[in-house]
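Close look at the chain arrangement
The chain contents come next:
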Amino acid sequence: MRRIPLAIILLAVFMTVSCAQEKDLKIGVAIYDFEDLFISEVRNAIVARSENDIPVTVVDAEGKQQRQNEQIEKFIEEGYDAIIVNSVDRTASGVLIEKCMQNNVPLVFFNREPVKDDMAKWDKVYYVGAKAEDSGRMAGELMASYWLSHPEADRNKDGVMQFVVIKGETGHQDTELRTEYFIETLLEKGIALEKLHEDTGSWSRREGYDVMLSFISRSGDRIEAVFANNDEMALGALEALQEKGYFKGRYMPVIGIDGTPAGKAALENGMLLATVFNDAENQGRAAYNIAKELAEGRVPDSDAVGYEIIDGRYVWIQYRPLPGLLLSEK
């Protein structure tokens, strides 16, 4: 055999390495529904973080799990290097994980946490979110602070808070935990409770409005407090209450969660009693940073990602209570 000159071998190696380095990486982002305002804030944070870095392609499942499955399959077929997912149905995450595992495409979920058994299926699956129980506790503490410092809040003077709950989407972990810990916290504060009504508003302002109108038609002035699982439903409830004559000489304490721009505006005008800030900016940045590490073939660590990774798989972004005017004046 003829000897191959060393220069040719080195050139071939250099060209191979260069081609590998020049591979255009790309990250897919699958969103459950662009109409969800909080999720849109997270999406915007992901897109902003990707500028001048690995580009992202963002798709909308429009609330349909089958559509999202097809979108993720397309990302896989088109050779995406990592996928960020906000699941339509968190219980369907296992199927997505198995599909991506078969094709070695890492996954980063956010906001809708897969069940732990599904997370355990593969070591290239991560989750970014906030602990729903913390938001429920903070909302409960805010409501308790108002109730205990405003004797007039107990309108019928029976020593019991008659309240209603507008819940988020059925099956979402935040829906159950926010409600459970809100109630638990009020009880821990020594407040006697009577839950008059509970219904789902599916995270929607329009549905929150409809649900609140239904509550008012059934119980009227017996209602002394309103807890909505997110700001959009709280804002819908405020619209319904205003339509029925509230905030013109009589007040109804309404608390939401998320701290969206519209929610903060309602705090500032004195309509919303309080909300709990859910940090969309940092959730989006953390999800992107993890996906970037995975796309570049590295195992994410806290230093590289810029956020503490718990149990090797989870990044938890902290909530923060946002009191409105009536609580700030204390």
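Residues numbered from 1 in each chain as written. Predicted model: local features only at pLDDT ≥ 70, side-chain atom pairs only at ≥ 80, totals over all residues. Heavy atoms only, no water.

A look at the overall build of the protein
Counting its regular elements, the protein contains 13 helices and 12 strands. For the C-alpha atoms alone, the extent of the protein along its principal axes is close to 100 × 35 × 35 Å. Of all 330 residues assigned to the protein, the portion counted as buried reaches 55%. Partitioning the intrachain contacts of the protein with sequence separation of at least 6 by distance along the chain shows that 72% fall at a separation of at least 24. Accessible area of the protein: about 15,300 Å², with a carbon and sulfur share of 50%. The averaged location of the 55 negative side-chain charges in the protein is 2 Å from the averaged location of its 37 positive side-chain charges. (Helix = DSSP H or I, 4+ residues; strand = E, 2+ residues; numbered from the N terminus. Buried < 20%, exposed > 50% of the residue type's maximum accessible area, 1.4 Å probe, protein only. Contact = heavy atoms within 4.5 Å. Areas by Shrake-Rupley, 256 points an atom, 1.4 Å probe, with all protein chains shown as cover. Lys, Arg positive; Asp, Glu negative; His and termini not counted. Charge placed at Lys NZ, Arg CZ, Asp CG, Glu CD.)

Concerning the confidence of the model for the protein
The pLDDT averaged across the protein works out to 93; a share of 93% of its residues lies at or above 70. Taken together, the stretch residues 16-21 has pLDDT below 50 and engages in zero contacts with residues farther than four places along the chain or on a different chain. (pLDDT = per-residue confidence, 0-100.)

With respect to the packing of aromatic side chains
Using the criterion set out here, one finds eight aromatic pairs in the structure. Taking 4.7 Å as the distance between ring centres and 55° as the angle between the ring planes, the aromatic pair formed by phenylalanine 75 and tyrosine 80 counts as tilted. Assessed through its relative accessible area of 4%, phenylalanine 75 is described here as buried. A centroid spacing of 4.0 Å and a plane angle of 15° characterise the contact between phenylalanine 182 and phenylalanine 227, whose relative ring orientation is stacked. Of this pair, phenylalanine 182 sits in helix α7 (residues 173-188) while phenylalanine 227 sits in strand β8 (residues 225-228); the two residues are 45 residues apart in sequence, bridging distant segments of the chain. The exposure classification of phenylalanine 182 matches that of phenylalanine 227, with both residues buried. Residue placement shows arginine 112 over the ring face of tyrosine 32; its charged tip is 3.6 Å from the ring centre. In this arrangement the basic side chain of lysine 131 is found over the ring face of tryptophan 316, its NZ or CZ atom lying 3.9 Å from the centre. (Phe/Tyr/Trp six-rings, centres within 6.5 Å; stacked < 30°, edge-to-face > 60°. Lys NZ or Arg CZ within 6 Å of the ring centre and 35° of its normal.)

Considerations on the sheet that holds strand β2 (residues 56-60)
The pairing of strands in a sheet happens through backbone hydrogen bonds and is either parallel or antiparallel. Spatial ordering of the open sheet is given by β2-β1-β3-β4-β5-β11, a layout of six strands whose pairing is parallel. The open sheet has two free edges, formed respectively by β2 and β11 (314-316), since each of these has just one partner strand. Across the sheet, the axes of successive neighbouring strands diverge by a mean angle of 15°, strand direction being ignored. Inspection of the sheet shows strand β1 (residues 27-31) paired to β2 by five bridges, in the parallel sense. Along β2, the bridge assignment pairs isoleucine 31 with aspartate 60. With respect to the sheet, helix α11 (residues 280-295) is in contact with β1, β2, β3 (82-85), β4 (107-110), β5 (125-129) and β11, its orientation differing from that of β5 by roughly 165°. (Pairing = 2+ DSSP bridges. Axes fitted to C-alpha atoms, helices over the stretch in contact; angles between N-to-C directions.)

Some thoughts on unusual backbone geometry
Even without a glycine there, the phi angle at serine 202 is positive, about 50°. Locating serine 202 in the fold gives a position in the loop between β7 (192-200) and α8 (205-219). Using a relative accessible area of 32% as the deciding quantity, one classes serine 202 as partly exposed.

Focus: the pattern of salt bridges
Where charged atoms of side chains with opposite charge meet at close range, the side chains can pair. For the coordinates displayed, the defined rule picks out 20 salt bridges. Across the pair arginine 112 and glutamate 169 runs a salt bridge whose closest N-O atoms are separated by 2.6 Å. Taken together, the positions of arginine 112 in the loop between β4 and α5 (116-119) and glutamate 169 in the loop between β6 (160-167) and α7 put the pair 57 residues apart, joining distant regions of the chain. Overall, glutamate 169 belongs to the partly exposed group, its relative accessible area being 22%. Residue arginine 250 is joined to aspartate 221 by a salt bridge in which the shortest nitrogen-to-oxygen separation is 2.8 Å. Here the residue arginine 250 occupies a position in the loop between α9 (231-243) and β9 (254-255), and aspartate 221 occupies one in the loop between α8 and β8, the gap between them amounting to 29 residues. (Salt bridge = Lys/Arg side-chain N within 4 Å of Asp/Glu carboxyl O.)

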